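# Chain and residue survey
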Amino acid sequence: MDTRKNTAATVIAVILAVIALLAVTLLLRSIFRSIAREADCTWNSYDVTDDFQSIELTASDGEIYVYSFYDDRCTVYSSGSRGTQVDIRVEDGVLIVRQEDRSSWLRRLFTGTQENSISLSLPADLMADLTVETSSGYVSVSDPLTFRAVDVTTASGDVWMADIAADRIAVETASGYVLLPLTASKIREEIENLRYPFRGGN
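Residues numbered from 1 in each chain as written. Predicted model: local features only at pLDDT ≥ 70, side-chain atom pairs only at ≥ 80, totals over all residues. Heavy atoms only, no water.

A separate point is the overall build of the chain. The number of helices and strands found in the chain is three helices and 14 strands. Counting over 202 residues, the chain shows a buried share of 35%. Counting contacts in the chain only where the partners sit at least 6 residues apart, residues at least 24 apart contribute 57% of the total. When the accessible area of the chain is evaluated, it comes to approximately 12000 Å², of which 56% is carbon and sulfur surface. (Helix = DSSP H or I, 4+ residues; strand = E, 2+ residues; numbered from the N terminus. Buried < 20%, exposed > 50% of the residue type's maximum accessible area, 1.4 Å probe, protein only. Contact = heavy atoms within 4.5 Å. Areas by Shrake-Rupley, 256 points an atom, 1.4 Å probe, with all protein chains shown as cover.)

Summarising the element assignment, Ser79 is placed in strand β4 (residues 75-81). Here the side chain of Ser79 touches Ser117 through a polar contact of 2.6 Å, side chain to side chain. Apart from residues lying up to four places away in sequence, Ser79 is in contact with Thr42, Trp43, Gln99, Glu115, Asn116 and Ser117. (Polar contact = N/O pair within 3.5 Å; in protein donor to acceptor, adjacent residues only side chain to side chain.)

Turning our eyes to something else, we now look at the pattern of salt bridges. With the rule as written, the count across this model stands at four salt bridges. For Arg89, the salt bridge is made with Asp87, and the minimal N-O distance between the two is 2.2 Å. Here Asp151 and Arg168 are joined by a salt bridge, their closest N and O atoms 2.8 Å apart. Here Arg168 lies in strand β12 (residues 164-175) and Asp151 lies in strand β10 (residues 145-156), a separation of 17 residues in the sequence. We classify Asp151 as partly exposed; its relative accessible area is 22%. Taken together, the shared-partner salt bridges connect Asp87, Arg89 and Glu91 into one network. (Salt bridge = Lys/Arg side-chain N within 4 Å of Asp/Glu carboxyl O.)

The next thing to look at is the environment of Glu115. Position of Glu115 among the secondary structure elements: in the loop between α2 (105-111) and β7 (117-122). With a relative accessible area of 70%, Glu115 lands in the exposed category. Sequence separation between Glu115 and Gly62 is 53 residues, and the spatial gap between their C-alpha atoms is 6.1 Å.

Right, let's talk about the pairing of β10 for a bit. Pairing between strand β8 (residues 127-136) and β10: nine bridges, direction parallel. Across the sheet, the residue bridging to Ser136 is Ser156, located in β10. Sheet topology note: the β10/β12 ladder contains ten bridges and is parallel. When the bridges of β12 are listed, Thr154 appears paired with Thr173. (Pairing = 2+ DSSP bridges.)

A separate point is the packing of aromatic side chains. For any pair of aromatic rings, the description rests on two quantities: the centre-to-centre distance and the angle between the ring planes. In total, this model carries one aromatic pair according to the counting rule given. Seen in terms of ring centroids, Tyr65 and Tyr138 are 6.0 Å apart; in terms of plane orientation they differ by 50°. Their pairing is tilted. Remark: Tyr138 occurs in the loop between β8 and β9 (139-141) and Tyr65 occurs in strand β3 (residues 63-68); sequence separation between them is 73 residues. (Phe/Tyr/Trp six-rings, centres within 6.5 Å; stacked < 30°, edge-to-face > 60°.)

Next up on the list: the environment of Ala124. Counting through the fold element by element, Ala124 comes out in the loop between β7 and β8. When the C-alpha atoms of Ala124 and Pro144 are compared, they prove to be 6.7 Å apart, with 20 residues separating the residues in sequence.

Taken across its six residues, β7 has six buried, putting it largely inside the fold. Residues Ser117, Ser119 and Ser121 of β7 are buried on one face, and the alternating residues Ile118, Leu120 and Leu122, pointing to the opposite face, are buried as well. Here β3 pairs with β7 via six bridges, running parallel. Counted as the bridge partner of Val66 is Leu120 from β7. Pairing analysis gives five bridges linking β4 to β7, with the strands arranged antiparallel. Bridge pairing links Tyr77 to Ser119 in β7.

Once that is clear, we can look at the environment of Ser135. Note that Ser135 resides in strand β8. Classification of Ser135 as partly exposed rests on a relative accessible area of 35%. A C-alpha to C-alpha distance of 8.1 Å links Ser135 and Gly62, two positions 73 residues apart in sequence. Excluding anything up to four places from it in sequence, Ser135 contacts Ala59, Ser60, Asp61, Thr154, Ala155 and Ser156.

Rendered as structure tokens:
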């Protein structure tokens, strides 16, 4: 009988110790997040001066914005945690922008993940191919911009396109909404021409 009581007491003690450890871990995580959120975030901008005919934007996670400032500048803005690395280069006429969060799992556990983002400001008169890939996050392509082709792939997250023109637009998403504001006549025209082949999504 005493053995059963001792065993039950030991099990209860272990359970209480695990609960206490989880509570302390959650408390420390909350404290570290509140302290590190501002200090851990970085903001950078890069001016692209080389000529290019195609654009490839890739992000492991986070939001991607493409828009125009109505001038002849091309600028990349990036934000994220200090563990986020951004590779920007023009290679064989292709503007390549890759963002990857390489923070350790322990750092993410206590500080959380920052809201990574890439913003690309393009000249209003640019004509190029645009390819966007992200595993998660919102994708926005807007403002009066003209592309030869637009290809967007995301595992999750909404895709928004407005005030753009392209010979071909293709969007692929496993989950999320594809939002493409068009007038009724424009919708009929594009459906008849099969210029918007949407695959997947809701």
